[in-house]
Amino acid sequence: MFPGRMTLSPPGPPSGPPEELQELAFIERPIRRSLKTAEEIDQLTVDEDLNDVERAVYLLSVGQEVQRASVISNLPSLVRQNPAETFRRVVPKVREVLNGAGAEIQLAAATSFLTILQDDIILIHTHTYSILKTVLLHLNHRDTVVSSAWLETLLSAINALPKETIKQEVLNPLLYQSQLSHSLQARLAACRILGKASCKFDSLIVKKELLPLARSLSRDTESEVRVCMCRQLESMARAIGVEDTRTELLPELLELAGDEESSVRLAAFDSIISLMEMMDGDDRLHLLVPLVMSACDASSQVDEGVMVSLSFQFGKLCSGLAGSLSEEQKRLLLQKFQVLCITGLPTEENQMDVGESTLIRCNCCYNLPAMVAFVDPAHFLCDIHPSFSGLCSDPEVSVRRSVAASFHQVVKLLESNVHVVHKELLLLLQDSALEVLDALMNHLDETLELVLSRGDNLILDNKLPELLSALLSAEQKVGSSLRWRLHEKLLHRYSCLSRLLPGELLHQTFSARIFIILTTNKVLPVQKEAARTFCTFLRYNRKQEQRQEMMERLIQDLAQGRSYWNRLRFLDVCEIATEIFSRKYFNKHFLIPALELVHDPVANVRYKLCQLLPRLRSSLRLPADKLLLQKLDFCVQKFLCREKDKDVVAMIRKFHKRHDWDLLDQKKEKEEMLLLEMLERQQSDGKLNSDKHMERKRRDSKTSLSSAKSMSVSSSTGSSSTGKETRKAKLSRSRSLSSQPTSSKPVNSDRPLKVKDLSGSSGLGKSTRDDSVRTAHFTLTTQSTSSMPVLIRSKTTSLLDQASLLEQREHRKSTLDHRTGNRDQRNHMMEHRTSSLEEREHRTSTLDHRDHRTSTLGQRSKTMERGSGMKDSQSRKLSMNRKSNSLQSE
């Protein structure tokens, strides 16, 4: 298309590739050479169908060294998964691989077996025995690092092996390894094995079999063997007991304490001091005290190692030997401690190594509390205070850090004399090294509490401004550094000042500084700790105007601050305030300003508020905080309706869902409480109903008995109660038949008696019989007799009436039984229908009303039976009179 711009190169020989392509080709060559060939890939490929044990066996058999090392390192995991198969198939393969393996595989195997033994993965001793055989096989490896690793595995296996196995497999070979013909490494291993195995056997076996071997090793020609065996004699002494230690081991240790090698003397000295608690008063007086005094007297001839050990054990020696020392010996020990406190300083004549001398002075700082107790706190000022003051101003930072770490213990021992160390406390607070302040801050709250509470008031008033100034300078020094963790620790320790200093003094000196840290520091943990300390100061301040001023600063500078960072800090203050203040105080001063941040234009502030809403909600209690709850709900609804930031929306929905869950949980809780109350009420009402039911049964039984008696009385009176109309018809008929006049005769005296007997056979009472007698007498004297056919008809009618009465009686009995059954059924239904107390009371009143009606009906039936009986007796008397009149007319 553009022929004018095309140029063709003349033909010539082919040129090579450009230089860039040659460089790329040179780079690619080693990459291609480093790739695995197909044969190597086939060797590294493992069948996926194999399980872990089969894969381990396969890799140990044909795998490369890196694969074998990986399998051996993974051996503890295989033992945890399948111990039986691992020890049956994998461990024998590991044993085969270890023969002639390199140091890497040897170390991996020793580490794996040690892990298996320490983690208590093995459950049976046969597995431990299999590991023991492997360990003993490689214990004397030519590489000292490998042999040391296998020795650690063996020492761990001794704890898991039985005594017989240890005796046969471990201790018997020691008889040969302890001989001088064996290597130094084997004899050192024998010393450590003796010390470990002595804890497994009783004192008799240790004394007869192990102690002679220990004596021979403690007299070995090599100083390393003597040192190693000397350090193992302590464990052997605890195994054989106090008496055998005095007779068997102490002479051996005293002999080693005079050894020509300083390392052996140091080991013997440490072992003797460690066994001091097993010595009685005589041994301490005749053996230990001369040894210690000789070490203290010949300080110039004593080597540095013994001096370091003596400085470290000095407090323990003085405390243990206090009862066995004379006053002169105590004075010598005190002088020796004073010398140790200035060891290596430029003022001392005999110069030592800087590192050793610094370590000796650090050990003296460690033993300061024990030495204060040794000399009595009353003599602290003249005996210990010069050395204590010199250590506080030591040129080495490590020494000052050590004395700062033990300062609180010294203050505890001084009690009322704590004012003597006031200068040293100021010195450490004003130290230029932050390490010293860090060590002092670990227990600064305890120190300040002891200093401000036990000191003399007059002296304290004079020195208190200096102490407060030192505390403020320490905070400024730490705050200006990059050690924010130390700054956080310092602020946390300063919170104890709220309980120790007056509120006004605290408000003037520390509150303003803590508030500045809260508003200006950029490290979040430091800000939160400053907020906690400020809230603590606010809570313990007793002046209302100062409290109001501090709250106003919080609201104006933080809650209403221009920087969103300050508003976030106010929410942090609210979160901490819920832990420090009461719920009432928090709701009064913190809740409303926090809820007003719902209008904040920064989403991070609103998000923080949403995170804080559950804590704010938990501080409310109804009905006292009903208005505050409405404001909080309004805040939530505003978030739900107007919020546009997705993170804030997600957080508020999470809170809203949780709030719904809380409401549902409260509803469930109310239902459970109601159900529990109903159950308790049912149980109590069930007992009450059972009592009422028993009382009702007794009352019904009495009522049924009375009704049965009344029915028997009514049945014996004949047909008076049921045949009233029939009797009226009979009476009218008899009157109509006897209407003709007849001649009357005087009535015999025995006729009324018959009537009386007849009336008495009816079963009525005395009053009924008297009335019937009067009625019969009246009817006999006034009326005429009836004819004979009337008497026959009257007799036949009475028989029919009796039959009807019997039928009616049976009917009444069946009706009564039916009513009784209905009443029992109602009572049974009442026992099951106890859902509410009001229904039960209503039904109970209904039943009582029915019982009253039943008794009323019974009384009415008795009254009616009395009336019918009287009428029946009158009719019988009339019939008798008529019969007598008819007989007289004949």
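Residues numbered from 1 in each chain as written. Predicted model: local features only at pLDDT ≥ 70, side-chain atom pairs only at ≥ 80, totals over all residues. Heavy atoms only, no water.

Concerning the overall build of the chain
Now for step 1: Broken down by element type, the chain carries 44 helices and 0 strands.
Now for step 2: A sequence separation of at least 24 residues applies to 70% of the contacts in the chain between residues at least 6 apart.
Now for step 3: In the form shown here, the chain has an accessible surface area of approximately 50,200 Å², with 53% of it arising from carbon and sulfur atoms. (Helix = DSSP H or I, 4+ residues; strand = E, 2+ residues; numbered from the N terminus. Contact = heavy atoms within 4.5 Å. Areas by Shrake-Rupley, 256 points an atom, 1.4 Å probe, with all protein chains shown as cover.)

A short note on helix α12 (residues 203-218)
Helical geometry note: an α-helix holds 3.6 residues per turn, so side chains three or four residues apart project in the same direction.
Now for step 1: Here α12 spans only 19 Å end to end across 16 residues, well under the 22 Å set by a 1.5 Å rise per residue.
Now for step 2: When the local axis directions of α12 are compared, the greatest deviation, roughly 45°, occurs at L210, which is followed within four positions by the proline P212.
Now for step 3: Taken together, the buried positions of α12 are occupied by V206, L210, L211, L213, A214, L217 and S218. (Expected span 1.5 Å × (residues − 1). Bend = angle between axes of the 7 residues up to and from the residue. Buried < 20%, exposed > 50% of the residue type's maximum accessible area, 1.4 Å probe, protein only.)

Things to note about the side chain of S498
Now for step 1: Its location among the elements puts S498 in helix α30 (residues 497-500).
Now for step 2: Within the structure, S498 has its side chain in polar contact with the backbone oxygen of S495 (distance 2.8 Å).
Now for step 3: Beyond its immediate stretch of four places on either side in the chain, S498 contacts L506, T536, F537 and Y540. (Polar contact = N/O pair within 3.5 Å; in protein donor to acceptor, adjacent residues only side chain to side chain.)

Here we look at the confidence of the model for the chain
Now for step 1: When the pLDDT values of the chain are averaged, the result is 77; 69% of them are 70 or greater.
Now for step 2: Counting contacts from residues 1-17, a segment whose pLDDT is below 50, to residues more than four positions away or on other chains yields 1 contact.
Now for step 3: Considering only residues more than four positions removed or in separate chains, one finds that residues 712-722, a stretch of pLDDT under 50, has 25 contacts. (pLDDT = per-residue confidence, 0-100.)

Structural notes on the packing of aromatic side chains
Now for step 1: Using the criterion set out here, one finds 11 aromatic pairs in the structure.
Now for step 2: Pairing Y564 with W565 gives two aromatic rings, centres 6.4 Å apart and planes at 90°, and the pair type is edge-to-face.
Now for step 3: Take Y564: its relative accessible area is 35%, and that puts it in the partly exposed class.
Now for step 4: The interplanar angle of 10° and the centroid separation of 5.7 Å between the aromatic rings of F586 and F590 together place this pair among those described as stacked. For the pair F586 and F590, a shared accessibility class is recorded, and that class is buried.
Now for step 5: An aromatic cluster of three or more residues is present, and its members are F581, Y585, F586 and F590.
Now for step 6: One residue, R539, lies across the ring of Y540, its end atom 5.6 Å from the ring centre.
Now for step 7: Residue placement shows R569 over the ring face of W565; its charged tip is 4.6 Å from the ring centre. (Phe/Tyr/Trp six-rings, centres within 6.5 Å; stacked < 30°, edge-to-face > 60°. Lys NZ or Arg CZ within 6 Å of the ring centre and 35° of its normal.)

Some details on the side chain of T447
Now for step 1: For T447, the position within the fold is in helix α27 (residues 444-454).
Now for step 2: Within the structure, the side chain of T447 is placed 3.0 Å from the backbone oxygen of H443, a separation counted as a polar contact.
Now for step 3: Beyond its immediate chain neighbours, meaning those up to four positions away, T447 contacts F407, H408, V411 and L425.

Things to note about the pattern of salt bridges
Working definition: two side chains of opposite charge can pair if their charged atoms are close together.
Now for step 1: Counted under the stated rule, the structure contains 30 salt bridges.
Now for step 2: Ionic pairing is found between R361 and D394, a salt bridge with its closest N-O pair at 2.8 Å. Pair noted here: R361 is in helix α19 (residues 354-366) and D394 is in the loop between α22 (385-392) and α23 (397-405), with a separation of 33 residues, a long-range link. D394 carries the same exposure label as R361, and that label is buried.
Now for step 3: Across the salt bridge formed by E504 and K543, the nearest N and O atoms sit 2.9 Å from each other. Placement of the pair is E504 in helix α31 (residues 503-520) and K543 in the loop between α32 (524-540) and α33 (544-559), with a sequence separation of 39 residues.
Now for step 4: Taking relative accessible area as the criterion, K543 reaches 32% and is therefore assigned partly exposed.
Now for step 5: Taken together, the shared-partner salt bridges in this structure form one network comprising R532, R569, D572, E575, E579, K608 and R615. (Salt bridge = Lys/Arg side-chain N within 4 Å of Asp/Glu carboxyl O.)

Overview of the nonpolar core
Now for step 1: Counting 206 residues, the largest nonpolar core has L471, F590 and L616 as the members making the most contacts within it.
Now for step 2: The leading source of residues in this core is helix α13 (residues 223-240), at 9 residues.
Now for step 3: Excluding residues that lie within four positions of it along the chain, L616 makes contacts with F586, L591, A594, L595, L609 and L632. (Core = buried A, V, L, I, M, F, W, Y, C linked by side-chain atoms within 4.5 Å.)

Here we look at the packing of helix α25 (residues 422-429) against helix α26 (residues 434-441)
Now for step 1: Two elements in contact, α25 and α26, have axes whose closest approach is 9 Å; the angle formed by their N-to-C orientations is 125°. Classified by the interaxial angle, the pair formed by α25 and α26 is oblique. Touching L425, L428 and L429 of α25 are V436, L437, L440 and M441, all from α26.
Now for step 2: Classifying every residue of the contact of α25 with α26 gives 7 nonpolar, no polar and no charged. (Axes fitted to C-alpha atoms, helices over the stretch in contact; angles between N-to-C directions. Parallel < 35°, antiparallel > 145°, perpendicular 65-115°, else oblique. Nonpolar A, V, L, I, M, F, W, Y, C, P; charged D, E, K, R; others polar.)

Some remarks on the environment of C228
Now for step 1: Structurally, C228 can be placed in helix α13.
Now for step 2: A relative accessible area of 15% places C228 in the buried class.
Now for step 3: Taking the C-alpha atoms as reference points, C228 and L217, 11 residues apart in sequence, are found 9.0 Å from one another.
Now for step 4: Ignoring anything within four residues of it in the chain, the contact list for C228 reads L188, C191 and R192.

Details of the state of the cysteines
Now for step 1: Within the structure shown, the criterion is met by 0 disulfides.
Now for step 2: The closest cysteine sulfur to the non-disulfide-bonded C535 is located on C574, 8.5 Å from its own sulfur.
Now for step 3: Judged by relative accessible area, C535 falls into the buried class, the value being 0%. (Disulfide = S-S within 2.5 Å.)

Points about the packing of helix α4 (residues 65-73) against helix α7 (residues 103-118)
Now for step 1: In contact at an axis separation of 8 Å, α4 and α7 are set at 10° when each is read in the N-to-C sense. With respect to each other, α4 and α7 are oriented roughly parallel. Of the two elements, α4 crosses α7, and the hand of that crossing is left-handed. Counting all contacts with α4, which are made through E65, R68, A69, I72 and S73, the residues of α7 involved are E104, I105, A108, A109 and S112. (Left-handed = near helix turned anticlockwise from the far one by under 90°.)

Details of a nonpolar patch on the surface
Now for step 1: Taken together, the side chains of M673, L676 and L679 make up a nonpolar region of the molecular surface, amounting to roughly 270 Å² of accessible area.
Now for step 2: Mapped onto the elements, M673 comes out in helix α39 (residues 646-716). (Patch = residues over 30% accessible without salt bridge, like charges linked within 9 Å, V, L, I, M, F, W, Y side chains within 5 Å.)

Re the environment of T343
Now for step 1: By secondary structure assignment, the location of T343 is in the loop between α18 (327-341) and α19.
Now for step 2: Measuring from C-alpha to C-alpha, the distance between T343 and M307 comes to 9.9 Å, with 36 residues separating the pair along the chain.

As for unusual backbone geometry
Now for step 1: Cis geometry marks the peptide bond from L622 to P623; its omega dihedral reads 0°.
Now for step 2: Topologically, P623 is positioned in the loop between α37 (603-618) and α38 (626-642).
Now for step 3: Even without being a glycine, D376 presents a positive backbone phi close to 80°.
Now for step 4: Along the polypeptide, D376 turns up in the loop between α20 (368-375) and α21 (380-383).
Now for step 5: A residue is classified by how much of its surface remains accessible, and D376, at 38% relative accessible area, is partly exposed.
Now for step 6: Although it is not a glycine, E415 sits at a positive phi angle of roughly 55°.
Now for step 7: Within the secondary structure layout, E415 lies in the loop between α24 (407-414) and α25.

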